[in-house]
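Understanding the architecture of this molecule
As a plain string of letters, each chain reads:
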Amino acid sequence: MFPTVAPDTAVAAPLTQTIMYVGGFGASAETTMNRRQFIQAAALSGTAGLAGCIGGSSDSNSSGSSGTTTLEYWEYFHSQSEVAKTLMESSVEEFQSETDTQMQMNWASWNDINGGKWKNNIQNGNRPVIYDSTNSLDGQFIEPGWVKPVSEYKDRLDDEAVEQLEWAFEMTQSCYRGFDEGLYEIPIGLEVGAPFIARTDHFEEAGLSIEDDFPPENYEHLVQVATQLQEQGPADYGFQIYGAQGDVTDEALVTWTASEGGYDGMYLNEDWSDVNYDNDVWKEMTKKYVDLYQEHGLSSDKAPTASNEGAAQMLIQGNVSMVQGSTKDFGLLRSRAEDMLADGTIVFGPSWEGAAGNRGDFFTQCIALMRKPDGVDEDTWQQREDAAIEWINTVLSKEFQQEVPRSLATLPARKDVWPTLKEDELLSQSNFISTLETTVDGMEHGWSSHPGMNAIQYNIAGPLFQEAVRGEISAEEACDRAATEIRNQVTF
């Protein structure tokens, strides 16, 4: 178990340089547009190189050159797709134009978080007031006491939003079960994994019914449908798996294990005392996953190195007829093939319900406050934290939450916006929003925010499962070796 410890006491060093956010539109231009116009216009603007974090020097102040409050924000959501980037950049600009806040942005990538850059910066005394991320990557920040528990500021959030978020707060507590507090980050959207995505025109050409044969009802049905698509349809391959280190363990495969085994199908057991990779559920499902490529020949020779984004691109190009990917593939598809979503050529469907009575697992797109580092004036930090709360309330607003599925490509944490999403032609024609709602019903288990998850989920397990996809080792050996190496290297 990992108890919450007191905030770190190291004296933080000041930054030598701060780059202020300069967007493609000035405040005067922005205020003449409504939100929809601005989001569309922002897509045409360039991307600035940005950085922002706060040191611990005692002479730090809360104001920029114009006398406004500065807010250091490390931002990850934008990196998921072009449409996600547009939403986040335009929302930051709009927030600045409507408040007395100047955002100091660090537009980060997955590698910045998983690869240790964020952690190293914080350890060296530079941290933001606020960050957004994926919950499973953030235990490394929670364990040292750098993240402020939600209980300490929940009463400062918008009451109506909190009421609509309570279901998500309750679900998300499964992600932090190894810590003292129930909730450390606020869910903005839930990625519920992993949906099937198919070409309806390929089903028709292969003599299949998209209504009756999609999504697959179980593994055997998946093999049957994918084989017919491959033999009688227009694509080279009826299905495509992916073995890339960052994807092989975290999309379709863990969806299968979680739906079959519940907690036994998650990466860690319920109390975080051990890893699950070498149990029967993981071995059986991993073999079935590898067999789609090695035994049934249903994926291209790109399978060992393909990412789920690459598989989605193959779907767009018509090289494959069906994949099981990420909800965030919707953002990629909207950026590159929006017409195929709008006319129902590409559709989503939920994964099957397994023996555990659910359709898989989830993780969150989340946002969090960090604790004040030593050496920063209390009033200065309070002003910045007030601005951060205002930003959190912005992303929890109905207006922003309605954009979450369209741009961030996850299920909005705010439940009262769900009915209006069914009126969106893009979301309804593609079955995207109905797929998310069906998938989340009955779902219980979220990805753990254990501080060693980058090793558990990716850095140790990823290459071994990739070897299994290549056929270099068996699925069972990949599971056994991953579990052994993790136990040797990770503290439970």
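1. Side note on the packing of helix 12 (residues 280-294) against helix 21 (residues 461-470)
Packing of helix 12 against helix 21 brings their axes to within 8 Å, and their N-to-C directions diverge by 45°. Relative to helix 21, helix 12 is oriented oblique. On helix 21, the residues that touch Trp282, Thr286, Val290, Tyr293 and Gln294 of helix 12 are Phe465, Ala468, Val469 and Arg470. Taken together, the residues of the contact of helix 12 with helix 21 break down into six nonpolar, two polar and one charged.

2. Some details on the packing of aromatic side chains
What describes a pair of aromatic rings is the distance from one ring centre to the other and the angle between the planes of the rings. Scanning the model with the defined rule gives 27 aromatic pairs in all. Pairing phenylalanine 196 with phenylalanine 239 gives two aromatic rings, centres 6.3 Å apart and planes at 50°, and the pair type is tilted. Of this pair, phenylalanine 196 sits in strand 5 (residues 196-199) while phenylalanine 239 sits in the loop between helix 10 (219-232) and helix 11 (252-261), placing them 43 residues apart in sequence. The class of phenylalanine 239 is buried, set by a relative accessible area of 2%. For the ring pair phenylalanine 196 and tryptophan 352, a centre distance of 5.8 Å and an interplane angle of 40° mean the geometry is tilted. With a gap of 156 residues between them, phenylalanine 196 in strand 5 and tryptophan 352 in the loop between strand 7 (346-349) and strand 8 (362-369) connect regions that are remote in the sequence. Tryptophan 352 matches phenylalanine 196 in its accessibility class, with the two residues each being buried. An aromatic cluster is defined as three or more aromatic residues linked by ring pairs; in this entry it consists of Phe196, Tyr219, Phe239, Trp256, Tyr289 and Trp352.

3. Section: the environment of histidine 445
Tracing the backbone through its elements, the reader meets histidine 445 in the loop between helix 19 (432-440) and helix 20 (453-459). Relative accessible area serves as the criterion here: at 6%, histidine 445 is assigned to the buried category. In this view, histidine 445 contacts Ser174, Gly262, Tyr263, Met266, Asn358, Asp361 and Phe362; residues no more than four positions away in its chain are not counted.

4. With respect to the sheet that holds strand 5
The sheet built from three strands is open, its strands ordered 6-5-7 with antiparallel pairing. A strand with exactly one partner marks an edge of an open sheet, and here the two such strands are strand 6 (322-324) and strand 7. In this sheet, adjacent strand axes meet at a mean angle of 20° when their direction is disregarded. Of the strand pairs in this sheet, strand 5 and strand 6 are connected by three bridges, and their pairing is antiparallel. Note on strand 6: the bridge partner recorded for phenylalanine 196 is glutamine 324.

5. Quick notes on helix 16 (residues 398-408)
For helix 16, the buried fraction is high: eight of the 11 residues fall into the buried class. Looking only at helix 16, the buried set comprises Phe400, Gln401, Glu403, Val404, Pro405, Arg406, Ser407 and Leu408. Positive phi appears at alanine 409, one or two residues downstream of helix 16, with a value of about 60°.

6. Some thoughts on the pattern of salt bridges
Across all of its chains, the model carries 20 salt bridges by this definition. Here glutamate 385 and arginine 156 are joined by a salt bridge, their closest N and O atoms 2.7 Å apart. Of this pair, glutamate 385 sits in helix 15 (residues 378-395) while arginine 156 sits in the loop between helix 6 (139-142) and helix 7 (159-172), and the two are 229 residues apart along the sequence. Residue classification places arginine 156 among the partly exposed residues on the basis of a relative accessible area of 28%. As a salt-bridge pair, aspartate 480 and lysine 283 come within 2.9 Å of each other at their nearest N and O atoms. Residue aspartate 480 is found in helix 22 (residues 475-489), and its partner lysine 283 is found in helix 12; the two are separated by 197 residues along the sequence. Of the residues examined, aspartate 480 reaches a relative accessible area of 32% and is grouped as partly exposed. What you see here is one network of salt bridges that share partners, running through Lys148, Arg156, Glu385 and Asp386.

7. Some remarks on helix 14 (residues 329-342)
Between its first and last C-alpha, helix 14 extends only 15 Å over 14 residues, short of the 20 Å set by a 1.5 Å rise per residue. For helix 14, the principal kink sits at arginine 336 and spans about 100°. Listed as buried for helix 14 are Asp329, Phe330, Gly331, Leu332, Leu333, Arg334, Ala337, Met340 and Leu341.

8. Details of the sheet that holds strand 2 (residues 101-107)
Within the open sheet, the six strands sit side by side as 2-1-3-8-4-9. Their pairing is mixed. Either end of the sheet is taken by a strand with one partner, and the two such strands are strand 2 and strand 9 (411-412). Helix 7 rests against strand 4 (186-192), strand 8 and strand 9 of the sheet, and its axis sits at about 70° to strand 4. Lying on the sheet, helix 15 is in contact with strand 1 (69-75), strand 2, strand 3 (130-134), strand 4 and strand 8; it crosses strand 1 at an angle near 55°.

9. Here we look at the confidence of the model for the protein
Mean pLDDT over the protein stands at 88; residues scoring 70 or higher make up 86%. Scored below 50 in pLDDT, residues 1-65 shows 160 contacts in the model against residues more than four places distant or in partner chains.

10. Some words on the pairing of strand 8
Buried residues dominate strand 8, accounting for eight of its eight residues. The sheet contact formed by strand 3 and strand 8 spans five bridges and is antiparallel. Directly across from aspartate 132, in strand 8, lies its bridge partner isoleucine 367. Sheet topology places strand 4 next to strand 8; six bridges connect them, and they run antiparallel. Along strand 8, the bridge assignment pairs glutamate 191 with phenylalanine 363.

Conventions adopted
- Residues numbered from 1 in each chain as written.
- Predicted model: local features only at pLDDT ≥ 70, side-chain atom pairs only at ≥ 80, totals over all residues.
- Heavy atoms only, no water.
- Axes fitted to C-alpha atoms, helices over the stretch in contact; angles between N-to-C directions.
- Helix = DSSP H or I, 4+ residues; strand = E, 2+ residues; numbered from the N terminus.
- Parallel < 35°, antiparallel > 145°, perpendicular 65-115°, else oblique.
- Contact = heavy atoms within 4.5 Å.
- Nonpolar A, V, L, I, M, F, W, Y, C, P; charged D, E, K, R; others polar.
- Phe/Tyr/Trp six-rings, centres within 6.5 Å; stacked < 30°, edge-to-face > 60°.
- Buried < 20%, exposed > 50% of the residue type's maximum accessible area, 1.4 Å probe, protein only.
- Pairing = 2+ DSSP bridges.
- Salt bridge = Lys/Arg side-chain N within 4 Å of Asp/Glu carboxyl O.
- Expected span 1.5 Å × (residues − 1).
- Bend = angle between axes of the 7 residues up to and from the residue.
- pLDDT = per-residue confidence, 0-100.

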